[in-house]
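Residue-level structural notes
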Amino acid sequence: MKRVFYVLLMSSLLLWNACKTSDPEPVATKTEVGEPTGTATTASIGAAGGSITSADGLVKLDIPAGALAANTTISVQPITNNAPLGIGGIAYRFTPDGQQFNQPVKVTFKYTSDLLAGTDANVLWIVTQAADGSWQALLKSNVNTTTKTIIGDITHFSDWGLGKFIDVSLDPASAYIKPKGSVQLKVSGFIASTNPDDELTPLVPISPKSNDDALELLTPIEKRTSLFKQVKWTLAGEGTLTPNGWTATYTAPSETPSKNPVAVSVEMERYQDGQPAQLFSKVLLVSNITIAEEGVVVVNFNGTEYKYKQSGDANQVAYVVVQNEYVVWQGASSTGIPNFTFYRSLIGTGSHSHNCQDAADIVSYTASPTLVYQLEWCDDEGTCHCAPFTSTISEFGNGAGKTIAGTFSGSLYNADGELFPISGYFNVKRIN
């Protein structure tokens, strides 16, 4: 039976038929390489083998005896996760880059519920970026939901992280819309490898050829093709949802809802070996959408929400400035509302994992002169830790009076090294 996929590449729609050898090969998704976000951990490991764990404790490498011929300085450094459908905050650079091993090295990723942000752990796999910027997935990625780990064997060093092989994505890629605005959601994932014996498979986007078709995707653990069938779309919150097979359109209400963000989910059934009679599991994919009024920064810190207005109340001022190397906006108050300062080194739209080593990536929340929460915390031994924090700008206007809008989420440290959750959205006008 022929399997026909529509693959979106370079803003054009190419038709690929997996059964025709004359058609061009599918091309893996490419992105920029990740940027360092924390302190590198190093260790000297030789022929006897050894192990090394990242400073944040989320990844461990077990190098068996005989994998290396001589003593080698091994390094593990956290970086931004730029993988398609990547899990933010869980990506690392293993060096020496390109290092080959005589025997497979076991890599163990740990995850927490906060890091997954609602993602079903059963749709996770380990991914790696090649020298040309393309991404591949490790097919034998074993997920253990009891220990909250994903384990795989690798044979070379490069950038490695966690990703999802199926998810609900937004078009445009934004979790922010204005009142009365609308956004399209669609189920997305990656095609199966054409060679079942491959250990790595390119991450090539896939979508069904019509809304009546099922998605055929690769299951990373069993290395077998599973069939995903959409069951139903559900909206939790205000607004309207119009489903259309594998896509759905959400339209926001005329005012900011009391429950914000709203959640749109799609329930799917997964059949083993593509046999509808053999239901393997059910998967629930969820996307959160924030509806934001204009001229505000809304911050939810540890369960308490504050709103900073750009106009109106002179004691609640939100402003945004764009410099050559960063974007900065701040909510300031003299009426007891905490001060919130935000710097972002990436100018323009898109998601960005903030880097403590970059002075243009500052995030701080000052509840009082003696109670300050920051992105970075250094322990008594001088080891510094960078909290996970991601901002997404969905609208970036050019020039004074233009809108910059988006969302942010993550954690900040207090003076004792305790992490506190912070999230919110912004829709403010530039002053320059």
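Within each chain, residues carry numbers counting from 1 in the order of the written sequence. Local features in this predicted model are restricted to residues of pLDDT 70 or higher, and side-chain atom pairs are both shown and tallied only at a pLDDT of 80 or more, whereas totals for entire chains, interfaces and linings draw on every residue. In computing side-chain values, all of the structure's heavy atoms are included and hydrogens and water are not.

**Describing the overall build of the protein chain**
Selection rule: Working definition: helices are DSSP H or I runs of at least four residues, strands are E runs of at least two. Numbering for both runs from the N terminus. In this scheme, a residue with accessible area under 20% of its type's maximum is buried, one over 50% is exposed, and one in between is partly exposed, where area comes from a 1.4 Å probe on protein chains only. Note on contacts: a residue pair qualifies if any of its non-hydrogen atoms lie within 4.5 Å across the two residues.
Helix and strand content of the protein chain: one helix and 37 strands. In the protein chain, buried positions account for 46% of the 432 residues. Relative to all contacts within the protein chain whose residues are 6 or more apart in sequence, the contacts with residues 24 or more apart total 60%.

**Notes on the side chain of N427**
Mapped onto the elements of the fold, N427 is located in strand 37 (residues 419-429). Relative accessible area serves as the criterion here: at 1%, N427 is assigned to the buried category. Once residues lying within four places of it in the same chain are set aside, the contact partners of N427 are Y176, K178, A292, E293, E294, G295, V296, T403, I404 and A405.

**Observations regarding the environment of H352**
Under the convention used in this document: Pairs of N or O atoms are called polar contacts if they sit within 3.5 Å, as long as, within protein, a hydrogen donor faces a hydrogen acceptor (for residues adjacent in sequence, only side-chain-to-side-chain pairs).
Looking at the secondary structure, you find H352 in strand 30 (residues 350-353). Distance in space between the C-alpha atoms of H352 and T80 is 7.8 Å, their sequence separation being 272 residues. For H352, the contacting residues outside a window of four places in its chain are R344, S345, L346, D361, F389, T390 and S391. A distance of 3.2 Å separates a polar atom in the side chain of H352 from a polar atom in the side chain of S345.

**Here's the deal with the nonpolar core**
Stated precisely, the cut-off is as follows: Take the buried Ala, Val, Leu, Ile, Met, Phe, Trp, Tyr and Cys residues and link them wherever side-chain atoms come within 4.5 Å; each set so joined is a nonpolar core.
Ranked by size, the top nonpolar core spans 31 residues in total, and within it L61, F94, F109 and I154 carry the most contacts. Counting 26 residues, the second largest nonpolar core, distinct from the first, contains W135, A137, A252 and V283.

**Quick word on the packing of aromatic side chains**
To describe a pair of aromatic rings, one takes the distance between the centres and the angle between the planes. Our working definition: Note on ring pairs: Phe, Tyr and Trp rings are taken, using the six-membered ring of Trp, and paired if centres are within 6.5 Å. Classes follow the plane angle, with under 30 degrees stacked, over 60 edge-to-face and the rest tilted.
With the rule as written, the count across this model stands at 15 aromatic pairs. A ring pair is formed by Y365 and Y373, whose centres lie 6.1 Å apart and whose planes are at 55 degrees; its orientation type is tilted. Ring pairs connect the aromatic residues F301, F340, F342, Y365, Y373, F389, F408, F420 and F426, which therefore count as one cluster.

**Here we look at unusual backbone geometry**
In the segment running from T95 into P96, the intervening peptide bond is cis, with an omega of 10 degrees. Mapping P96 onto the fold places it in the loop between strand 7 (86-95) and strand 8 (100-110). For the peptide bond that leads from N260 to P261, omega is 10 degrees, which places it in the cis range. Locating P261 in the fold gives a position in the loop between strand 22 (247-251) and strand 23 (262-272). Here K180, not a glycine, exhibits a phi torsion of approximately 70 degrees, which is positive. Along the chain, K180 turns up in the loop between strand 15 (176-177) and strand 16 (182-190).

**Digging into the state of the cysteines**
A covalent bond between the sulfur atoms of two cysteines is referred to as a disulfide. Formally: For this text, the term disulfide refers to a pair of cysteine sulfurs within 2.5 Å.
Going through the model one piece at a time under the given rule, you end up with two disulfides. A sulfur-sulfur separation of 2.2 Å characterises the disulfide bridge that pairs C356 with C386. Of note, the bridge from C356 to C386 carries an S-S torsion of about 85 degrees and is right-handed in sense. Of this pair, C356 sits in the loop between strand 30 and strand 31 (363-368) while C386 sits in strand 34 (residues 384-386), placing them 30 residues apart in sequence. Taking the relative accessible area as the measure of exposure, C356 reaches 17% and is therefore buried. Indicated for the protein chain is the disulfide connectivity 1-4, 2-3, based on numbering the bonded cysteines in sequence order.

**Description of the pattern of salt bridges**
Here is the rule: A pair is scored as a salt bridge if a Lys or Arg side-chain nitrogen falls within 4 Å of a carboxyl oxygen belonging to Asp or Glu.
Counting across every chain of the model gives four salt bridges. The partner of E294 in a salt bridge is K178, and the shortest N-O contact between them spans 3.6 Å. With E294 in the loop between strand 24 (279-291) and strand 25 (296-301) and K178 in the loop between strand 15 and strand 16, this residue pair connects regions lying 116 residues apart in the sequence.

**Points about the sheet that holds strand 5 (residues 59-63)**
Stated formally: Strand pairing is assigned whenever DSSP detects at least two bridges linking the two strands. Note on definitions: angles span 0 to 180 degrees between N-to-C directions of axes, and those axes are lines fitted to C-alpha atoms, for helices only across the stretch in contact.
Spatial strand order, 4-5-8-12-11: five strands in an open sheet with antiparallel pairing. With partners counted over all chains shown, the strands left at the sheet margins are strand 4 (50-53) and strand 11 (142-144), one partner each. Each adjacent strand pair in this sheet contributes to an overall mean axis angle of 20 degrees, direction not counted. Both strand 4 and strand 5 contribute to a ladder of four bridges, which runs antiparallel. Within strand 5, the residue paired with T53 across the bridge is K60.

**Looking at the pairing of strand 37**
Here strand 25 pairs with strand 37 via six bridges, running antiparallel. Residue pairing for strand 37: V296 is matched across the bridge by N427. In terms of strand pairing, strand 36 (residues 403-413) meets strand 37 through eleven bridges, oriented antiparallel. In the sheet register, T407 faces strand 37, and the bridge partner there is Y425. Taking the residues between adjacent antiparallel strands as the criterion, strand 36 and strand 37 are bridged by five residues, where G417 takes a positive phi near 85 degrees.

**A closer look at the confidence of the model for the protein chain**
Stated precisely, the cut-off is as follows: The score called pLDDT rates the predictor's confidence residue by residue, from a low of 0 to a high of 100.
For the protein chain, mean pLDDT is 77; residues scoring 70 or higher make up 73% of the total. Of all secondary-structure elements in the protein chain, the lowest mean pLDDT belongs to strand 1 (residues 4-9), at 21, while strand 5 reaches the highest, 97. Below pLDDT 50 for its whole length, residues 215-225 participates in 64 contacts with residues either more than four positions away or in separate chains.

**Points about the environment of A236**
Looking at the secondary structure, you find A236 in strand 20 (residues 224-236). Taking the C-alpha atoms as reference, A236 lies 6.3 Å from V264; in sequence the two are 28 residues apart. Beyond its immediate stretch of four places on either side in the chain, A236 contacts K259, V262 and A263.

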